[in-house]
Amino acid sequence: MTLQRQMIFWTAALVVVILALWLLGDIMLPFIAGLVLAYFLDPIADALERLGLPRLAATLLILITSIVAIVVLLVLLLPVLGDQIARFSSNLPGLMQALVKLFEELAPQWLKDMVAASGTNLPASLSDLAGKAAGWLAAILTSILSGSLALVNVISLLIVTPIVAFYMLNDWDHMVAKVDGWLPRDHHNTIRALARQIDEAMAGFIRGQGTVCLLLGIFYAVALSFAGLNFGLLIGLGAGLLSFIPYVGSIIGGVLAIGMALIQFWPDWLQIIIIVGIFGLGQFIEGNFLSPNLVGNRIGLHPVWLMFALFAFGYLFGFVGLLLAVPLAAAVGVLVRFALQQYLKSPLYLGVPTQEKPAEPKRRSRSK
């Protein structure tokens, strides 16, 4: 097969995959979630196998333990989280007004003059923002709690996802070996090397960054709740989960937590400093211990491209797109770096070496 036909074939395959994701995105969530869960837990199953446990028994043990842990967490946290989300949504306009009042009391005069000179009506702007945010939260809750498709998605997540994860986790090594047998023999070493790099990049996000988000969410939620911050559980878990987007989780969580601390604790500076210290400690732990050890440089994506991939895939494919964004972007990054290496070695970059012209024979000088 010529290079042109290969490019046409793989381009057509990519178009078919993108079209399938776009058309079937609403029903693919449990299958993608099961695949991600199996990929996340595969190293644990491999470790249990090395200890002598059969693969089927290791898979059952892992999934049963995971399901029990998830059910216990949902039973314990879901009522509290639901109550905090509802109260936060309803109290948001009042919280914004309290922030405006604090600004008018505490802001220096030069800052007030700057705001006034810009023609911005701060109370009206924040009230309008609060109203839109409250309506947005209410719309999300309504769409989650009502609608046949939402109900189908919830049921499928609870039933289909564990089944998909079980079969994928149990047959993971067999599937990898099967796919390896389909590789073209002339290029199987190159494809295997690329697959290992893609696996390392995906593992860096799905396993590494996923673990970082989980640990950060637990730390922020527990620390803010013990500090007595209103909606501390909601803000902490949200900041941890949003940490898969570089800087976004820490910025949004920090702004919400510090703003809530100012409203709740002012003028008690000690309590406000404690809230600021919690987020500072969380960022220190993430930057110096969690991310270097769990993620490192395995993802291989610049934070700007990472954010672009999340927003682009999320816009195109919804929540399924968010699940697939970084793994697919990491895979594309590996392929682009490989293509760049090939380009830098090719005559297209180096140029065709010019043939040296044959040296002209020296003419003998005639002796006079």
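Before any of the text, the structure's been laid out above.
Everything quoted here is computed from the prediction, not taken from an experiment. (Residues numbered from 1 in each chain as written. Predicted model: local features only at pLDDT ≥ 70, side-chain atom pairs only at ≥ 80, totals over all residues. Heavy atoms only, no water.)

**With respect to the overall build of the protein**
So, step 1. A tally of regular secondary structure across the protein gives 13 helices and zero strands.
So, step 2. Helices and strands in the protein line up, N terminus first, as α-α-α-α-α-α-α-α-α-α-α-α-α.
So, step 3. The long-range share in the protein, meaning contacts at least 24 apart out of those at least 6 apart in sequence, stands at 71%.
So, step 4. Accessible surface, the protein as shown: approximately 24000 Å² in total, 71% of it carbon and sulfur. (Helix = DSSP H or I, 4+ residues; strand = E, 2+ residues; numbered from the N terminus. Contact = heavy atoms within 4.5 Å. Areas by Shrake-Rupley, 256 points an atom, 1.4 Å probe, with all protein chains shown as cover.)

**Observations regarding the nonpolar core**
So, step 1. With 28 residues, the main nonpolar core has Tyr39, Ile62, Leu169 and Leu310 as its most contacted residues.
So, step 2. Of all elements in the fold, only α2 (29-50), α3 (55-106), α6 (148-170), α8 (188-226) and α12 (303-345) reach the threshold of two or more residues within this core.
So, step 3. The leading source of residues in this core is α8, at eight residues.
So, step 4. Leu92, Ala227, Ala261 and Ile275 belong to the second-largest nonpolar core, a separate cluster that totals 22 residues. (Core = buried A, V, L, I, M, F, W, Y, C linked by side-chain atoms within 4.5 Å. Buried < 20%, exposed > 50% of the residue type's maximum accessible area, 1.4 Å probe, protein only.)

**Considerations on a nonpolar patch on the surface**
So, step 1. A cluster of nonpolar side chains, contributed by Leu56, Leu60, Ile64, Val68, Val72 and Leu76, occupies part of the molecular surface with about 540 Å² of accessible area.
So, step 2. Position of Leu76 relative to the elements: it lies in helix α3.
So, step 3. Leu76 sits in the exposed class, given a relative accessible area of 56%. (Patch = residues over 30% accessible without salt bridge, like charges linked within 9 Å, V, L, I, M, F, W, Y side chains within 5 Å. Salt bridge = Lys/Arg side-chain N within 4 Å of Asp/Glu carboxyl O.)

**As for the packing of aromatic side chains**
So, step 1. The final tally for this structure, using the stated rule, is five aromatic pairs.
So, step 2. A centroid spacing of 5.3 Å and a plane angle of 75° characterise the contact between Phe166 and Tyr167, whose relative ring orientation is edge-to-face.
So, step 3. With a relative accessible area of 19%, Phe166 lands in the buried category.
So, step 4. Geometrically, the ring pair formed by Trp266 and Trp269 is edge-to-face, given 5.0 Å between the ring centres and 80° between the ring planes.
So, step 5. Aromatic ring contacts, followed pair by pair, group Phe219, Tyr220 and Phe279 into a single cluster. (Phe/Tyr/Trp six-rings, centres within 6.5 Å; stacked < 30°, edge-to-face > 60°.)

**Looking at the packing of α3 against helix α9 (residues 232-241)**
So, step 1. Here α3 crosses α9 at 100°, and the two axes come no closer than 9 Å. Between α3 and α9, the angle is such that the two are roughly perpendicular. Residue-level inspection shows Leu77, Val80, Leu81, Gln84, Ile85 and Phe88 of α3 in contact with α9, the latter providing Gly232, Leu233, Leu234 and Leu237.
So, step 2. A per-class count over the contact of α3 with α9 returns eight nonpolar, two polar and no charged. (Axes fitted to C-alpha atoms, helices over the stretch in contact; angles between N-to-C directions. Parallel < 35°, antiparallel > 145°, perpendicular 65-115°, else oblique. Nonpolar A, V, L, I, M, F, W, Y, C, P; charged D, E, K, R; others polar.)

**Side note on the pattern of salt bridges**
So, step 1. For the structure shown, the criterion picks out four salt bridges.
So, step 2. The partner of Arg55 in a salt bridge is Asp42, with the nearest N and O atoms 2.7 Å apart. With a gap of 13 residues between them, Arg55 in helix α3 and Asp42 in helix α2 connect regions that are remote in the sequence. Per residue, the accessibility class of Arg55 equals that of Asp42, and both read buried.
So, step 3. Asp46 is paired through a salt bridge with Arg55; the nearest N and O atoms lie 2.7 Å apart.
So, step 4. Classification of Arg55 by relative accessible area gives buried; the value is 11%.

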